[in-house]
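# Report on the structure
This is what each chain is made of:
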There are 2 protein chains.
Amino acid sequence: MSDGPSTESAAYREAGVDYATLDAAKRLALAAARSTSTIRLPHGAVFSEDSRGEPAQVIEVGGLRLGFVLECLGTKSMLAREIEEASGQDHFAAIGYDTVAAVVNDLVCVGALPLVVNAYFATGSAGWYAGSRHASLVEGWRRACVDAGAVWGGGESPTLSGLVAPDEVDLAGSAIGIVPEGREPLCGAALAPGDEIVLVASSGLHANGASLARQVARHLPDRLEHRLASGTSLGAALLTPSHSYVALVRAVLEDGLPLHYASHITGHGLRKVMRAQRELTYRIEALPEVPEVLGFLVEHADLSPAEAYGTLNMGAGFALYLAPGAAGRAVALAAAHGLSAMRAGVVEAGPRQVLLEPLGVRFSGEQLELA
Amino acid sequence: MSDGPSTESAAYREAGVDYATLDAAKRLALAAARSTSTIRLPHGAVFSEDSRGEPAQVIEVGGLRLGFVLECLGTKSMLAREIEEASGQDHFAAIGYDTVAAVVNDLVCVGALPLVVNAYFATGSAGWYAGSRHASLVEGWRRACVDAGAVWGGGESPTLSGLVAPDEVDLAGSAIGIVPEGREPLCGAALAPGDEIVLVASSGLHANGASLARQVARHLPDRLEHRLASGTSLGAALLTPSHSYVALVRAVLEDGLPLHYASHITGHGLRKVMRAQRELTYRIEALPEVPEVLGFLVEHADLSPAEAYGTLNMGAGFALYLAPGAAGRAVALAAAHGLSAMRAGVVEAGPRQVLLEPLGVRFSGEQLELA
């Protein structure tokens, strides 16, 4: 079994993403953030230290357990802009949907169901608001809130001349959620050897890998209008809206399933399977089908399996970890929500690592230093 | 009494800020957001429609009233970058402080005290992390959280190559807060004729007007190193950290003062005095001292009094609205927190407008169409 990449691939670095530097900066910020933990909060509220490094934060106040998250889309909006320039097609509704999905899929990882989502649309010029893209973005955002069962509260939409490129938009969002009564926040403590791992299908790229996708497209004669084998254009395939996993997590919680953890598979790809800060091994015995568009990117960026699965979701957008015997029911609930899912592996005692058995790839704990 | 500007000044538009277009886009987004209000939320949570258009949103859940906000710094970080390039001085701690202040000063407007603040640092290249600026930014952010009595929860720090300019950082933040027991959220309903208006001093520019400041600096021979009459450099004066008003609002609430409303004076300047969506007249009989740096900007940008007070805070960073007779106590509490404040005016029955009597300037309700 070969080790995964100890550093990011050169191809990925060239795309402008240097995770080593960024992870070091994240650790500095995390240490400063941690130093505020001793602050005495109003109303006896307690910030859950267990939630540091998790995809969302947990606050206990007045008998409630709240989830809180701020997430961003990254550079995927640049793909929509490039497609619009090349073909006139407006894919900004997908971009709006993607941003909310990035936010709420992170929030449900800690077992909190979203209540309110706020928007951040930072454009580089007021000219960005010409044409249909803003209305599309807003409509996609709204639909994603509806699908997540959350109210769109408000937000900010500054124009940042000279800071954001004139024809681009920087998208992020924030959400508050609540852990249902009778359930515990999911911060990793409940994970145990023997737990079953369910991988839930992604719809394609989701929010991560957009820089790589743009780099690949630049080397094709037809660029984003390149036709994939299925006949779909590369651009349209890349802009398939992300899946939202909120309804599935809600169903799993309401069904009383013994859900021990959840992980949103985003940047760092399937290394995120070991997101929990636990010394445990995650043995993946079966992998989901790879969406055509991701297979295409991997081939054209010449990524090894370790690089591909260590950076992209490769068809696995979300992971559920359940007590032994519960995976089948979770897979059925996913199907009822229109999501393909599979019992893909098991949690074992052992060092912190992900073993992708079908590929002979191993990701060690040091390859996911998020915290 | 002359009317304020019906549109933004040409000088301000040239600085890249076209509020008319942006306000129209905001209204479109607000309508879409409003359409999600009927969604049934988990745990019987209720989103407060009264809080739409307010600086923060309010959610009632499990007997608690939560505040929720997402805010951004705007282009002020570009000033810090320009100063660093010109003189090597690192003012990024002020920038971090400013961003948190922008967030929590909005949050306390609805009467909620912050619990947790999350960070959004979007850079244009990993190279941004070279040098001291990231550590300074983090330290300023941390200090502002401490001053606000809030835990720094987490956040996101993406590198957005090609979207954000390579040497810039796009800063925003989000916060959850709680309305203290026995108090009501401040969404404007409690405002009444006869209420006293207290204006609390700003420290200078705060988060709004940075584009204008950069435009003014470009026309000076020494640019940001230009010396003001006091001897301070223009750059250092512009980068004076914002005041945080959290401790003051907490004191006012804990003191049991009849606080009816609060407004964070940001973009749109003193037009924000009529932030509440109420048909009321705000008569300002006295104005605070204008910080040297704002006076300098107004002079060099050749802004009329209406333009100046309609775009910049002009020394008034925050407004408190209290039942008759309570202003004196609020001013004393401000002084105890190191903030200069004054009983500046009164709320009256009448059309929605702000009257700046010392200047003979009137801002009508149509000049603040935020919602």
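Fair warning: this is a prediction, and the values are worked out from it, not measured in the lab.

### Looking at the confidence of the model for chain A
Residue and element names in this part refer to chain A. The predicted model of chain A averages 94 in pLDDT, with 94% of residues at 70 or higher. Scored below 50 in pLDDT, residues 2–8 shows 19 contacts in the model against residues more than four places distant or in partner chains. Confidence metrics for the complex model read pTM 0.95 and ipTM 0.94.

### Focus on the interface of chain B and chain A
Contact with chain B, which involves 82 residues of that partner, is made by 82 residues of chain A. In total, chain B and chain A occlude about 6400 Å² of area from one another, counting both sides; carbon and sulfur atoms represent 74% of this. Area buried by chain B at its contact with chain A is led by B:Phe68, B:Leu70 and B:Leu163, which between them contribute 11% of it. At the junction of chain B and chain A, the tally comes to zero salt bridges. Residues belonging to the side of chain B that touches chain A are distributed by class as follows: 48 nonpolar, 23 polar and 11 charged.

### So, the sheet that holds strand E6 (residues 151–156) of chain A
All names here are of chain A. Across the sheet, six strands lie side by side as E2-E3-E4-E7-E5-E6; this open sheet has mixed pairing. For this open sheet the edge positions go to strand E2 (46–47) and E6, each flanked by a neighbour on one side alone. Where strand E5 (residues 113–123) lies against E6, four bridges are found, and the strand directions are parallel. Residue pairing for E6: Tyr120 is matched across the bridge by Glu156.

### As for the side chain of B:Glu71
By the secondary structure assignment, B:Glu71 is in strand E4 (residues 64–72). It is B:Arg275 that comes nearest to the buried, bridge-free B:Glu71 among opposite-charge side chains, at 6.8 Å. Apart from the residues lying within four places of it in its own chain, the contact partners of B:Glu71 are A:Glu156, B:Ala102, B:Val103, B:Asp106, B:Ala172 and B:Gly173.

### Examining the environment of B:Ala229
Considering the arrangement of structural elements, one finds B:Ala229 in the loop between helix H6 (210–218) and helix H7 (234–238). Measuring from C-alpha to C-alpha, the distance between B:Ala229 and B:Ala112 comes to 40 Å, with 117 residues separating the pair along the chain.

### Overview of the pattern of salt bridges
Pairing between side chains of opposite charge can happen when the charged atoms of each approach one another. Under the counting rule described, the total for this entry stands at 30 salt bridges over all chains. As a salt-bridge pair, B:Arg81 and B:Glu85 come within 3.3 Å of each other at their nearest N and O atoms. With B:Arg81 and B:Glu85 both in helix H3 (residues 76–87) and four residues apart, the pair spans about one turn of that helix. Of the residues examined, B:Arg81 reaches a relative accessible area of 12% and is grouped as buried. We note a salt bridge from B:Glu168 to B:Arg81, for which the minimum N-O separation is 2.3 Å. Of this pair, B:Glu168 sits in the loop between strand E6 (151–156) and strand E7 (169–178) while B:Arg81 sits in helix H3, placing them 87 residues apart in sequence. In this pair, the class of B:Glu168 matches that of B:Arg81, namely buried. A cluster of three or more residues bridged by salt bridges with shared partners is formed by A:Arg81, A:Glu85, A:Asp167 and A:Glu168.

### Details of the domain arrangement of chain A
Quite often, the size of an interface is put as the accessible area lost when its parts meet. All names here are of chain A. When its domains are assigned, chain A resolves into domain 1 (23–178) and domain 2 (196–368). One C-alpha centre belongs to domain 1, the other to domain 2; they are set 21 Å apart. Contact with domain 1, which involves 32 residues of that partner, is made by 32 residues of domain 2. For the pairing of domain 1 and domain 2, the buried interface totals around 2700 Å² over both sides, and the portion due to carbon and sulfur atoms is 59%. Per-residue buried area on domain 1 facing domain 2 is highest for Lys76, Leu79 and Asn105; these three make up 21% of the total on that side. The tally of links between domain 1 and domain 2 comes to one salt bridge. Notably, a salt bridge pairs Arg214 with Glu82, separated by 3.1 Å at the nearest N-O pair. Applying the counting criterion to the domain 1 and domain 2 interface returns 13 residue pairs in polar contact (both at pLDDT 80 or more). Of all the elements in the fold, those that place two or more residues in the side of domain 1 that touches domain 2 are helix H3 (76–87), helix H4 (92–107) and E5.

### Observations concerning the packing of helix H8 (residues 246–254) of chain A against helix H11 (residues 327–336) of chain A
Residues and elements named next belong to chain A. In the contact formed by H8 and H11, the axes pass within 9 Å of each other and the chain directions differ by 135°. As the angle between them shows, H8 and H11 are arranged oblique. Our pair here, H8 against H11, has a crossing hand that is right-handed. From H8, Leu248, Ala251 and Val252 reach across to H11, where they touch Ala330, Leu333 and Ala334. For the contact of H8 with H11, the per-class residue count stands at six nonpolar, no polar and no charged.

### Quick look at the pairing of strand E8 (residues 196–201) of chain A
It is a general feature of regular strands that their side chains alternate between the two faces of the sheet. Residue and element names in this part refer to chain A. Summarising burial for E8: six of the six residues are buried, a large majority. Two strands pair when backbone bridges link them, and E8 and strand E12 (residues 341–349) are joined in this way by five bridges, in the antiparallel orientation. The residue bridging Val198 from the neighbouring strand is Arg343, located in E12. In this structure, E8 lies alongside strand E11 (residues 316–322), joined through six bridges in antiparallel fashion. Of the residues in E11, the one forming a bridge with Ala201 is Ala316.

Rules behind the numbers
- Residues numbered from 1 in each chain as written.
- Chains lettered and ligands numbered in written order.
- Predicted model: local features only at pLDDT ≥ 70, side-chain atom pairs only at ≥ 80, totals over all residues.
- Heavy atoms only, no water.
- pLDDT = per-residue confidence, 0-100.
- Contact = heavy atoms within 4.5 Å.
- Buried area = accessible area lost by both parts, 1.4 Å probe.
- Salt bridge = Lys/Arg side-chain N within 4 Å of Asp/Glu carboxyl O.
- Nonpolar A, V, L, I, M, F, W, Y, C, P; charged D, E, K, R; others polar.
- Pairing = 2+ DSSP bridges.
- Helix = DSSP H or I, 4+ residues; strand = E, 2+ residues; numbered from the N terminus.
- Buried < 20%, exposed > 50% of the residue type's maximum accessible area, 1.4 Å probe, protein only.
- Lys, Arg positive; Asp, Glu negative; His and termini not counted.
- Domains from an automatic or database assignment.
- Polar contact = N/O pair within 3.5 Å; in protein donor to acceptor, adjacent residues only side chain to side chain.
- Axes fitted to C-alpha atoms, helices over the stretch in contact; angles between N-to-C directions.
- Parallel < 35°, antiparallel > 145°, perpendicular 65-115°, else oblique.
- Left-handed = near helix turned anticlockwise from the far one by under 90°.

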